[in-house]
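Descriptive analysis of the structure
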Amino acid sequence: MDRIAELDHRHLWHPFTQQRGWEREAPLVIERGQGTDLIAADGGRYIDGTSSLWCNVHGHRHPAIDAAIRDQLGRIAHSTMLGLTHEPAADLAARLVAIAPDGLSRVFYSDAGSTATEIALKMAFQYWRQRGGQHARRTSFVGLAGGYHGDTIGAVSVGGIDLFHGAYEPLLFAKRTVAPGDADALAGLLDRHGEETAAVIVEPLVQGAGGILIQPPGYLRRVRELCDEHDVLLICDEVATGFGRTGTMFACELEGVAPDLLCLGKGLTNGYLPLAATLATERLYDGFLGEPEEHRTFFHGHTFTGNPLACAAAIASLDVFERERTLERLRPKISRLAELLADIAAMDEVAEVRTLGFMTGIDLGEHDPALRLGHRVTLEARRRGAIVRPLGDTVVLMPPLAISIRDLERLVAITAASIGAAVAATRPAGLRGLPAGGGRPAAGRAAA
Ligand SMILES: *Cc1c(COP(=O)(O)O)cnc(C)c1O
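What you see is a predicted model, and the numbers here were worked out from it, not measured in a lab. (Residues numbered from 1 in each chain as written. Predicted model: local features only at pLDDT ≥ 70, side-chain atom pairs only at ≥ 80, totals over all residues. Heavy atoms only, no water.)

1. Some points on the pairing of strand β14 (residues 359-363)
Put simply, the test is: Categorising residues by exposure relies on relative accessible area from a 1.4 Å probe, with only protein chains included: less than 20% of the type maximum marks a residue as buried, more than 50% marks it as exposed, and the intermediate range marks it as partly exposed. Put simply, DSSP marks the helices as runs of H or I at least four residues long and the strands as runs of E at least two long, and each gets a number from the N terminus on. By the convention used here, strands pair only if DSSP detects at least 2 bridges between them.
Summarising burial for β14: 5 of the 5 residues are buried, a large majority. Residue alternation in β14 divides its side chains into two sets, Met359, Gly361 and Asp363 and Thr360 and Ile362, and both sets are buried. Where strand β13 (residues 352-356) and β14 come together, 5 bridges link them in antiparallel fashion. What sits directly across from Arg354, in β14, is Gly361. Linking β13 back to β14 in an antiparallel pair, the connection comprises 2 residues, with Gly357 at a positive phi of about 60 degrees. Bridging between β14 and strand β17 (residues 394-397) involves 4 bridges; their strand directions are antiparallel. What sits directly across from Gly361, in β17, is Val396.

This is the structure in structure tokens:
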């Protein structure tokens, strides 16, 4: 085994990874990127089908973004936002406010999607506390089943994925969960508990980590109306959906909704550097104003909050959106993807395809988890020249918005072939060659 693999196996601990399985496989060592490709240490070239975990937008080593970072590096790599300010942070804040849904006028930086949601939760909580009187009773949150908002404890508290969050139950603050897409359920819950609720937090339109779950049209707008009726704050976590993923700059736009708090991360710096932002309305911001001794200050901040290199990358990425007309050029790619996915949905091995914009989940149905079918698809895709990563047995396609139509077609073709090969390999020898029917429970049993 080569040096990197050996050191990795000896010393590293990977995120969301069962290390026992990891240690049994030779790791793929990525050395370079070029456009929407990843290039491995052994020279192998792969389509970046996950956008390096949902964050790359315009491709790797984009000349304009690389140059902006180098330029900032020539001034300073980091200086603090505690007691000081700097041009990239101020410029980026103005740019974000200009493109964000109406009413969001204040930008609070942090360095990960988890911290962006953590900050939104703390802001909402403290806002009501400082309003005082009846409002101080607004101490609880409402989240959606299947929701994902990050891995810090506050974010986990409002999450709704039992596999990820269940084990921490005793550590978490209480929240109420409603089924996504069911506005009547939320209406009922807010009728009963609206006066105790600080905020409703949702991933607008698409729940990503929950398995690419799509909400019905009109749902988000109803959620906004219900929050307004009950004077409850709405937090939209656009860490995954932001920066063009669903076809518009922000998913909220598709429903004409403006939240009270908006969480951004992942695509903000074109996936280059760790930067996140929580945008708030002026009403929320005003709730924190006072004399220092009143202690209405938002006592929260991270060492690398508003890092200048990251802000410079984010500004450059927004420039590229304009210069390359990224969203306009995305439209025909979304249409082509939809056509290609119709063929995938017709495959016997596929139970359901869920897609919106450039977020796609190909659900292979119920299978014995020990088969690790999703993981097998990943390995098959790698042999064919693409990096994909599943959520359980749902294969996720989330390529950079900049991918060419040709590479998009190649990515989907590789995925289809990989699903076919992976399902075939899990079937007992005697059954091979029979129609797969992987999505149906019967096939799941045959596979086991
Ligand atoms: C990825 C994600 C997060 C967490 O972001 P990190 O940068 O990994 O902390 C939060 N919310 C959503 C919707 C996400 O997809």
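2. Overview of the site of the ligand
Short version of the rule: If even one non-hydrogen atom of a residue comes within 4 Å of a molecule or strand, that residue is called near it. Between N or O atoms, a polar contact is any pair within 3.5 Å; within protein, one atom must be a potential hydrogen donor and the other a potential acceptor, and residues adjacent in sequence are included only when both atoms are from side chains. The Shrake-Rupley method, run with a 1.4 Å probe, gives the accessible areas here. Residue values count only the displayed protein chains as cover. Classes in brief: Ala, Val, Leu, Ile, Met, Phe, Trp, Tyr, Cys and Pro nonpolar; Asp, Glu, Lys and Arg charged; the others, Gly included, polar.
Every residue lining the ligand is accounted for by Trp54, Ala112, Gly113, Ser114, Tyr148, His149, Gly150, Glu203, Asp237, Val239, Ala240 and Lys266. In this structure, an oxygen atom belonging to the ligand sits 2.7 Å away from a side-chain N or O atom of Lys266. In isolation the ligand exposes 380 Å². Once the protein is present, 83% of that is buried. The residue makeup of the shell around the ligand, split by class, is 5 nonpolar, 4 polar and 3 charged.

3. Here's the deal with a nonpolar patch on the surface
Selection rule: The patches described consist of residues with a relative accessible area above 30% and no salt bridge, like charges being joined within 9 Å and nonpolar side chains (Val, Leu, Ile, Met, Phe, Trp, Tyr) within 5 Å. A pairing counts as a salt bridge when a side-chain nitrogen of Lys or Arg comes within 4 Å of a carboxyl oxygen of Asp or Glu.
A contiguous nonpolar surface patch, about 300 Å² in accessible area, is contributed by Ile153, Tyr168 and Leu171. Relative to the helices and strands, Leu171 is located in the loop between α8 (162-165) and β6 (175-178). The exposure class assigned to Leu171 is exposed, which follows from its relative accessible area of 58%.

4. Here's the deal with the sheet that holds β17
Put simply, the test is: Helix axes are fitted to C-alpha atoms over the stretch in contact, other axes to C-alpha atoms as well, and angles between N-to-C directions run from 0 to 180 degrees.
If you walk across this open sheet you meet the 4 strands as β13-β14-β17-β16, and the pairing is antiparallel. Across the chains shown, the open sheet's two edge strands, defined by having one partner strand only, are β13 and β16 (389-391). Pairwise comparison of adjacent strand axes, ignoring direction, gives a mean angle of 25 degrees for this sheet.

5. Examining the nonpolar core
Condition: Within this scheme, the nonpolar core is defined by two criteria: the residues are buried Ala, Val, Leu, Ile, Met, Phe, Trp, Tyr or Cys, and they are joined through side-chain atoms within 4.5 Å. A domain assignment, automatic or from a database, supplies the domain bounds used here. In this description, contact between two residues means that some pair of their heavy atoms is separated by no more than 4.5 Å.
Within the largest apolar cluster, 82 residues are counted, with the highest numbers of intra-cluster contacts made by Leu92, Leu96, Val200, Phe243, Ile362 and Ile419. When residues of this core are assigned to their parent elements, the largest contribution, 7 residues, is made by helix α15 (residues 405-426). Among the domains, domain 1 (2-58 + 325-447) and domain 2 (64-323) are the pair contributing at least three residues each to this core. Dropping the residues within four chain positions of it, Ile419 is found in contact with Met347, Glu349, Val350, Ile362, Leu364, Val377 and Val395. Ala120, Phe141, Val158 and Leu261 belong to the second largest nonpolar core, which has 23 residues in total.

6. Quick notes on the domain arrangement of the protein
Rules: Here's the idea: put two parts together, see how much 1.4 Å probe accessible area each one loses, and the total over both is what we call buried area.
Taken domain by domain, the protein consists of domain 1 (2-58 + 325-447) and domain 2 (64-323). Distance between the C-alpha centres of domain 1 and domain 2: 29 Å. Contacts between domain 1 and domain 2 engage 28 residues on the former and 30 residues on the latter. Both sides of the domain 1 and domain 2 interface together cover about 2300 Å² of buried area, and 66% of this is carbon and sulfur. By the criterion of area lost to domain 2, the three top residues of domain 1 are Trp54, His58 and Met359, representing 28% of everything that side buries. The tally of links between domain 1 and domain 2 comes to 0 salt bridges.

7. Topic: the packing of helix α13 (residues 326-345) against α15
Condition: Note on terminology: angles under 35 degrees are roughly parallel, angles over 145 are roughly antiparallel, angles of 65 to 115 are roughly perpendicular, and the others are oblique. The hand of a helix crossing depends on one turn: near helix anticlockwise from the far one by less than a right angle means left-handed, and clockwise means right-handed.
Put simply, α13 and α15 touch, their axes get as near as 10 Å, and they point 20 degrees apart. Judged on the interaxial angle alone, α15 and α13 are roughly parallel. Considering how the two elements wind past one another, α13 and α15 form a crossing that is right-handed. On α15, the residues that touch Pro332, Lys333, Arg336, Leu337, Leu340 and Ile344 of α13 are Ile405, Leu408, Glu409, Val412 and Ala416.

8. Some thoughts on the state of the cysteines
For clarity, the threshold we go by: Here, two cysteine sulfur atoms that lie within 2.5 Å of each other are counted as a disulfide.
Evaluation of the coordinates by the stated rule reveals 0 disulfides. For Cys236, which is in no disulfide, the shortest distance to another cysteine sulfur is to Cys252 and amounts to 3.6 Å. Of all cysteine sulfurs, the one in Cys236 lies closest to Cys263, which takes part in no disulfide; the gap is 8.6 Å. Cys263 gets classed as buried once you look at its relative accessible area, which sits at 0%.

9. Quick word on the packing of aromatic side chains
Convention followed: In this analysis, rings of Phe, Tyr and Trp, with Trp reduced to its six-membered ring, are considered paired at centre separations within 6.5 Å, and the interplanar angle assigns stacked below 30 degrees, edge-to-face beyond 60, and tilted for intermediate values. Charges are assigned to positions over rings by a cutoff of 6 Å between ring centre and Lys NZ or Arg CZ, combined with an angular limit of 35 degrees from the ring normal.
Tallied over the full model, the rule gives 7 aromatic pairs. When the centroid spacing of 5.0 Å and the interplanar angle of 70 degrees are considered together, the rings of Tyr127 and Trp128 count as edge-to-face. Judged by relative accessible area, Tyr127 falls into the buried class, the value being 3%. Given the relative accessible area of 0%, Trp128 is considered buried. Geometrically, the ring pair formed by Phe141 and Phe173 is tilted, given 5.8 Å between the ring centres and 45 degrees between the ring planes. Of this pair, Phe141 sits in strand β5 (residues 140-144) while Phe173 sits in the loop between α8 and β6; the two residues are 32 residues apart in sequence, bridging distant segments of the chain. Connected via pairs of aromatic rings, a cluster forms that spans Phe16, Tyr148 and Phe164. Positioned above the aromatic ring of Tyr285 is the side chain of Arg106, whose terminal nitrogen or guanidinium carbon lies 3.7 Å from the ring centre. Its end group placed over the ring of Trp128, Arg138 keeps NZ or CZ at 4.8 Å from the ring centre.

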